[in-house]
Amino acid sequence: MQRRQFLIGSTAGVMAVCRASADDGAEEAKRARIAVSSYPFYNMFAATRDKNAPPAGKPLEFLDFPDLIADRYHLHNLEILSPHFESPTPAYVKEVNLRLKRAHSRIVNIPIDIGELWNQGGLSAPDPKTREKAVSLYKPWFDFAHDVGALSVRCDPGKINRDDLAPTVASYRALAAYAETKGLYVVIENHFGIASDYPETLVRILKEVGGHIAALPDFGNFPDQATRDRGLELLFPLARTICHARDTEGDGKGHLLHFDLAQCVRISKDAGYRGVYSVEAEAQGDLHANVQHVYDELMKSI
């Protein structure tokens, strides 16, 4: 081979390696912005299993979850529902941190689900004592979230009164102040009711509270496409740590409605969002295939 041909061939080879390295780096950067939520796996956790649901496979504990997600999807960001933790004891916290370290993973967000607050006024109750009790129930989870290295906690507002947001704002100010001492953000999701149907109201609450509070935009949970587009455009500028990514949701009648995940991601990027996209796939059917589908769609879009 002549020297000139060798140099051309060598240069092409080096360029190919550089392109491959750049591609690998880009893919890794995308994966670093994707999390998997424990929500799709709720029928595999004893604490949240629907007793009427068909068997969902081997029972799952959180301590097995980081390795499962790292091994199967090569992802290391996790979002864990509070009922999927076994115990708040120091010994359990230590074990959680050991399992996270072993899987090279971290917990981005903990959605705090407290059964006795469901269908109640909760943080938005007109009665101050009811609100104080709700705040007191959330605070121990802030301590736990701090101890396991989470970035944020989700606290639902309860039944919001659109004509009087003062009770809701007061509760979130108390939570945000406590969250700041723990290095956390309190995040509010367009989860149900007024928070999903009237995103402008949720934005008002977030702006009035200020401090360590942020939006948790969910691609679903909206009553229609127009509200979805408008709601995400309003919420993403106020998002910091995490959003929920999916492209289907139930219609309440046993059917799945599909929407455009790529469009949701475009809205987030236009807003300058720099947080994590948490996979909230359907829990019905082939669970792992559902999670893989949303993961693949995110890799195409972010």
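Residues numbered from 1 in each chain as written. Predicted model: local features only at pLDDT ≥ 70, side-chain atom pairs only at ≥ 80, totals over all residues. Heavy atoms only, no water.

A. Expanded view of helix α3 (residues 90-102). A rise of 1.5 Å per residue sets the reference length of α3, with its 13 residues, at 18 Å; its end C-alpha atoms lie 18 Å apart and thus fit the reference within 8%. Of all the positions in α3, only Y92, V93, V96, R99 and L100 are classed as buried. One side of α3 holds all its buried residues, which, seen down the axis, span an arc of 125°. α3 presents P90, A91, K94, K101 and R102 as exposed residues on the side facing more than 90 degrees away from its buried surface. Where α3 is buried, its residues meet α2 (65-73), β2 (77-79), β3 (106-111) and α4 (128-147). (Helix = DSSP H or I, 4+ residues; strand = E, 2+ residues; numbered from the N terminus. Expected span 1.5 Å × (residues − 1). Buried < 20%, exposed > 50% of the residue type's maximum accessible area, 1.4 Å probe, protein only. Arc of directions from axis to C-beta. Contact = heavy atoms within 4.5 Å.)

B. Examining the sheet that holds β2 more closely. On the basis of which strands lie adjacent, the open sheet formed by 8 strands has the order β6-β5-β4-β3-β2-β1-β10-β7 and parallel pairing. Of all strands in the sheet, those with a lone pairing partner are β6 (213-216) and β7 (242-245), marking the two edges. Shown here is a sheet whose adjacent strand axes are inclined to one another by a mean of 30°, direction ignored. Strands β5 (185-189) and β6 of the sheet are contacted by helix α5 (residues 166-181), whose axis makes an angle of about 140° with β5. (Pairing = 2+ DSSP bridges. Axes fitted to C-alpha atoms, helices over the stretch in contact; angles between N-to-C directions.)

C. Broad picture of the packing of aromatic side chains. This structure, assessed with the given rule, holds 12 aromatic pairs. For the pair F85 and W141, a centre-to-centre distance of 6.4 Å together with 40° between the ring planes defines the contact as tilted. Here the residue F85 occupies a position in the loop between β2 and α3, and W141 occupies one in helix α4, the gap between them amounting to 56 residues. Taken together, the ring pairs in this structure connect F62, F85, W141 and F144 into an aromatic cluster. Over the face of the ring belonging to Y178 we find K139, whose NZ or CZ atom lies 5.0 Å from the ring centre. The aromatic ring of Y198 is capped on one face by R162, whose charged end is 3.8 Å from the ring centroid. (Phe/Tyr/Trp six-rings, centres within 6.5 Å; stacked < 30°, edge-to-face > 60°. Lys NZ or Arg CZ within 6 Å of the ring centre and 35° of its normal.)

D. Representation of the nonpolar core in the model. Core analysis: the biggest nonpolar cluster contains 78 residues, and F62 and F219 have the highest contact counts within it. Filtering out sequence-adjacent residues up to four positions away, F219 remains in contact with R228, L232, F236, C243, H244, A245, R246, F259, L261, C264, V265 and Y277. A35, V108, A214 and I242 belong to the second largest nonpolar core, which has 7 residues in total. (Core = buried A, V, L, I, M, F, W, Y, C linked by side-chain atoms within 4.5 Å.)

E. Examining unusual backbone geometry more closely. Despite not being glycine, H74 shows a phi value in the positive range, around 60°. By secondary structure assignment, the location of H74 is in the loop between α2 and β2. In the Ramachandran plot, H104 falls in the positive-phi region, its phi being about 55° despite a non-glycine side chain. Position of H104 relative to the elements: it lies in the loop between α3 and β3. Using a relative accessible area of 66% as the deciding quantity, one classes H104 as exposed.

F. Local environment of the side chain of H288. Examined against the element boundaries, H288 turns out to sit in helix α10 (residues 287-301). Within the structure, H288 has its side chain in polar contact with the side chain of Y73 (distance 2.7 Å). Not counting residues within four places of it along the chain, the set of residues in contact with H288 comprises F41, L68, R72 and Y73. (Polar contact = N/O pair within 3.5 Å; in protein donor to acceptor, adjacent residues only side chain to side chain.)

G. Up close: the environment of L165. You can see L165 is positioned in the loop between β4 (152-154) and α5. Look at L165 and you get buried, because its relative accessible area is 5%. For L165 and T201, which are 36 residues apart along the polypeptide, the C-alpha to C-alpha distance reads 8.7 Å. Those residues within four positions of L165 in sequence are excluded, and the remaining contacts are I160, T201, R204 and I205.

H. The arrangement of the side chain of D218 in detail. Relative to the elements of secondary structure, D218 occurs in the loop between β6 and α8 (225-235). By relative accessible area, which is 0% here, D218 ends up buried. At a separation of 3.2 Å, a polar atom in the side chain of D218 contacts the side chain of H244. With sequence-adjacent residues up to four places away left out, D218 is seen in contact with E189, N190, L232, H244, R246 and E280.

I. Structural context of the pairing of β6. Side chains I213 and A215 of β6 all project onto a buried face; the interleaved residues A214 and L216 project onto the opposite face, where all are buried too. As paired elements, β5 and β6 share 4 bridges and run parallel to each other. By the bridge assignment, V186 is partnered in β6 with I213.

J. Summary view of the pattern of salt bridges. In total, this model carries 16 salt bridges according to the counting rule given. Among the salt bridges present, the one from R154 reaches D113, with a minimum N-O distance of 2.4 Å. Placement of R154 in strand β4 and of D113 in the loop between β3 and α4 is noted, with a sequence separation of 41 residues between them. For R154, a relative accessible area of 4% corresponds to the buried category. Across the pair D260 and R266 runs a salt bridge, and its minimum N-O distance is 3.9 Å. We classify D260 as partly exposed; its relative accessible area is 38%. If you follow the salt bridges from partner to partner, you end up with D113, R154, D156 and E189 in one network. (Salt bridge = Lys/Arg side-chain N within 4 Å of Asp/Glu carboxyl O.)

Keep in mind these values describe shape, not function.
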